[in-house]
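Each chain, letter by letter, is given below.
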Amino acid sequence: MPPTPTAAESREQIEPLLSVRDLRVVFELEEGTVRAVDGVSFNVRAGQVVGIVGESGCGKSVTMKAILQLIETPGRISRGEILYRQNGARPRVLDLARLQPRGALMRALRGAEIALIPQEPMAAFSPVHTVGQQIIEAIMLHASRHPDGRSISRHDARVMTIELFRDVGISMPEQRVDAYSWQLSGGLRQRAMIAMALSCRPRLLIADEPTTAIDVTTQAQILALLRELQRKYDTAIIFITHDLGVIAQVAHYVVVMYLGSVMEEGPVDDIFHAPKHPYTKALLRSIPSLYGETRMILPVIAGALPHPFNRPPGCPFHPRCDLVIPHRCAHAVPRLVPVGLQQQASCFLYHDPAEPA
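Residues numbered from 1 in each chain as written. Predicted model: local features only at pLDDT ≥ 70, side-chain atom pairs only at ≥ 80, totals over all residues. Heavy atoms only, no water.

Which parts of the structure should I look at to understand the layout of surface pockets?
Over the atoms rolls a probe the size of a water molecule, and in doing so it shows where empty space is left. As a volume, the largest pocket reaches approximately 1,100 Å³. Together, 31 residues line the largest pocket, and Leu70, Arg110, Gly111, Leu116 and His142 are the ones closest to its centre. Ranked by residue count, the leading element in the lining of the largest pocket is helix H5 (residues 131-142), at five residues. Of the residues in the lining of the largest pocket, the class split is 18 nonpolar, seven polar and six charged. Volume-wise, the second largest pocket comes out at about 410 Å³. Surrounding the second largest pocket, 18 residues form its lining, Asp38, Gly39, Ser261, Val333 and Pro334 being those nearest its centre. Among the secondary structure elements, those contributing two or more residues to the lining of the second largest pocket are strand S1 (18-29), strand S2 (32-44) and strand S10 (261-267). (1 Å grid on protein atoms, 1.4 Å probe; cavity = no way out; pocket = protein on both sides within 12 Å on 5 of 7 lines; lining within 4 Å. Points joined across faces, edges and corners; volume = space filled by probe spheres on them. Helix = DSSP H or I, 4+ residues; strand = E, 2+ residues; numbered from the N terminus. Nonpolar A, V, L, I, M, F, W, Y, C, P; charged D, E, K, R; others polar.)

Right under this line is the structure:
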């Protein structure tokens, strides 16, 4: 029989590692206020891969920057909670939204417990330091001791970096550790960035469109690598992309965003096989199929994402929705309501505006 989990282990399986609640991020500009993230809520559990999908400009990356407290001026978190359950001898729940971005606690969490794979590794790596030097620095900063208590020397950190390169599939790691980012191909740079993100064994990994700037063959290899590393280290992952095909391959749970709000969320099988929100259905219809009719024009979502200073009243998607309800969708904002066992959608097709919250 498998061992009975302890109370702490059972609680870890039930309670989310990260809980984002009613998060709002605004950018106060001379032309007006941009609501980049407008009431986003979702949970990430230990070992779970949560995919966040939506068109460019829907607030996916800003949400992740808010979690890491990397919102730059004139942006700020105006409301909401980002609850992170920190492990250790004395477990505690931290509200990351209340921490100082440059404070010691937030700086200790970044890289060590919550790591980021940025959208463009060429811009993320310093061009004047070798990739190995940069990963060694991260290890020395966040993982200063071995599990047995011995201090990590610079030589130890270099050996760990070479082993990380080997884990992520970089050939000739002993030589590549001394290479500069501009000497590596796009695929190798992305692998080196993944190695850097995993260098301190984070509990939560945020992957911000890690397959956008690479070819499809390398993309398949990177996705397979992330799946393998996720199983090996049991790391929770937030995977941001606009590609639903990628989400289908890696995610357990999906959050669909539009104009800073969550339109629908649920297990990946429910989202793909029984979508509820008109926006999710429209996104899925626009995916090319091997089994569809040939020489047919692909369905597209009518219109375009509204300008941030010209947000439509009511449901943000109603100007482009083919199931819009007259005199309702343009006058009130739908709330996220259950539409299945584990599925939620923000649409008046599933609740009346007069219904109590």
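Please clarify how the pattern of salt bridges should be interpreted in this entry.
As a working rule, side chains carrying opposite charge can pair if their charged atoms are close by. Applying the stated criterion across every chain yields a total of 15 salt bridges. The partner of Glu28 in a salt bridge is Arg76, with the nearest N and O atoms 2.8 Å apart. One end of the pair, Glu28, is in strand S1; the other, Arg76, is in strand S4 (residues 75-86), with 48 residues separating them in the sequence. Of the residues examined, Glu28 reaches a relative accessible area of 40% and is grouped as partly exposed. Overall, the relative accessible area of 38% leaves Arg76 in the partly exposed class. Through salt bridges with shared partners, a single network forms among Asp22, Arg24, Arg35, Asp38, Arg79 and Arg311. (Salt bridge = Lys/Arg side-chain N within 4 Å of Asp/Glu carboxyl O. Buried < 20%, exposed > 50% of the residue type's maximum accessible area, 1.4 Å probe, protein only.)

Is there a simple way to think about the environment of Arg102 in this case?
When you line up the elements, Arg102 lands in the loop between strand S5 (92-95) and helix H3 (104-109). Take Arg102: its relative accessible area is 75%, and that puts it in the exposed class. Each C-alpha atom, one on Arg102 and one on Leu70, is 9.3 Å from the other, the two residues being 32 residues apart in sequence.

Looking at this structure, how should I read the sheet that holds S4?
Strand pairs in the sheet, formed through backbone hydrogen bonds, run parallel or antiparallel to each other. One open sheet holds the four strands; their spatial order is S2-S1-S4-S5, and the pairing between them is antiparallel. Two strands lie at the open edges of the sheet, namely S2 and S5, each paired on one side alone. Between one strand and the next, the sheet's axes are offset by a mean angle of 15°, whatever the strand orientation. When S1 meets S4, the two strands line up antiparallel, connected through eight bridges. Across the sheet, the residue bridging to Val26 is Arg76, located in S4. (Pairing = 2+ DSSP bridges. Axes fitted to C-alpha atoms, helices over the stretch in contact; angles between N-to-C directions.)

Help me understand the sheet that holds strand S11 (residues 336-338), please; the structure alone is not making it clear to me.
Taken in spatial order, the eight strands make up an open sheet running S6-S7-S8-S3-S9-S10-S12-S11, and their pairing is mixed. Looking at strand neighbours, the two that pair on one side only are strand S6 (114-117) and S11, the edges of this open sheet. Taking each pair of neighbouring strands and ignoring which way they run, the sheet shows an average axis angle of 20°. Looking at chain direction, S11 and strand S12 (residues 344-346) are connected through three bridges and run antiparallel. Paired with Val337 across the bridge in S12 is Ala345. Sitting on the sheet, helix H8 (residues 186-198) touches S6 and strand S7 (204-208), and the angle it makes with S6 is about 175°. (Contact = heavy atoms within 4.5 Å.)

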